[in-house]
Amino acid sequence: MTMTTLQPQVGLATAARMDAGIKTYGSDGTSVRALDGVSVRFESGRFTAIMGPSGSGKSTLLHCIAGLDTLDGGTVHIGDVELGALSDRELTRLRRDRVGFIFQAFNLVPTLSAEENILLPLSIAGRRVDPDWYDSVVETVGLRERLNHRPAELSGGQRQRVAAARALVSRPEIIFADEPSGNLDSNAGGELLSFMQRAVRDFGQTIVMVTHDPVAASYADRIVFLTDGHVVDEMTHPTAEAVFDRMKNLGG
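Rules used throughout
Residues numbered from 1 in each chain as written. Predicted model: local features only at pLDDT ≥ 70, side-chain atom pairs only at ≥ 80, totals over all residues. Heavy atoms only, no water. Helix = DSSP H or I, 4+ residues; strand = E, 2+ residues; numbered from the N terminus. Buried < 20%, exposed > 50% of the residue type's maximum accessible area, 1.4 Å probe, protein only. Pairing = 2+ DSSP bridges.

**Student:** In this structure, what is going on with unusual backbone geometry? I would like to understand it.
**Tutor:** Across residues other than glycine, the phi torsion is negative in most instances, and most of the peptide bonds are trans. In this structure, N107 takes a positive phi of about 60° despite not being glycine. Summarising the element assignment, N107 is placed in the loop between β6 (99-103) and α3 (114-125). Take N107: its relative accessible area is 44%, and that puts it in the partly exposed class. Here D228, not a glycine, exhibits a phi torsion of approximately 50°, which is positive. Among the secondary structure elements, D228 is positioned in the loop between β9 (222-227) and β10 (230-236).

Following this line, the structure appears as structure tokens:
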């Protein structure tokens, strides 16, 4: 198998990177190497999708880059900070202050309004809200008339847009999204992905997203493909048709 080491585009800063990353689950004869010497970089101000067949290591890559899981070998950096050199307290602070997350399951607090959910990370961190930025985010997600509603009173697409706004409002250096449109219908998923695309293009946000869906991946600027724990290819300026063909060749 040809393994690929992906370098950042010239002129773009690196928001996050993994160098020679190894992650193994299990032990002895039942062990599985989910990441097998992965080296990859994610550039600032770009929307990157991670794709691969089931079991390729794409979710493991996202979780390790985001500091939600640890490597057995190799290093991960967010900006110039090596995650493996941080204490648990320092890692928690970094995730709170510099990283945003959008999960498939929304992870909203059911007793809080949409507005309270959006502002929750800032409240926990004791940080003030930038009113102009908050207004821009709320306007972009199109939920101004629903800010006083609780999650149960919102549609799936609206709840996921609340989760996306929550990730964006603290102006993180990088946002990690794990199958963010996986629980949404095609219309709601398209609205969410368009919002994420605008966040990159209009606000300079950096997003790294895992997805199995070629249509979702086509919203990205770049796609990194994994197979059997290796980075094997990449694509820039993707279309859904081109992504589908590439995944078919990879066995996805």
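**Student:** Please explain the pairing of strand β2 (residues 32-43) as it appears in this structure.
**Tutor:** The side chains of a regular strand alternate between both faces of the sheet. Two strands pair when backbone bridges link them, and strand β1 (residues 14-25) and β2 are joined in this way by 9 bridges, in the antiparallel orientation. The residue of β2 that forms the bridge with K23 is L35. Turn length for the β1-β2 hairpin, with the two strands adjacent in sequence and antiparallel, is 6 residues, and the turn residue G26 shows positive phi of about 85°.

**Student:** Just checking my understanding: could you explain the sheet that holds β1 for this structure?
**Tutor:** Paired through their backbone hydrogen bonds, the strands of a sheet run either parallel or antiparallel. In space, the 4 strands of this open sheet follow the order β2-β1-β4-β5, with antiparallel pairing throughout. In this open sheet, the two edge strands, each paired with only one partner strand, are β2 and β5 (81-82). Where β1 meets strand β4 (residues 73-78), 5 bridges bridge the pair, whose relative direction is antiparallel. Looking across to β4, one finds that A16 is bridged to I78.

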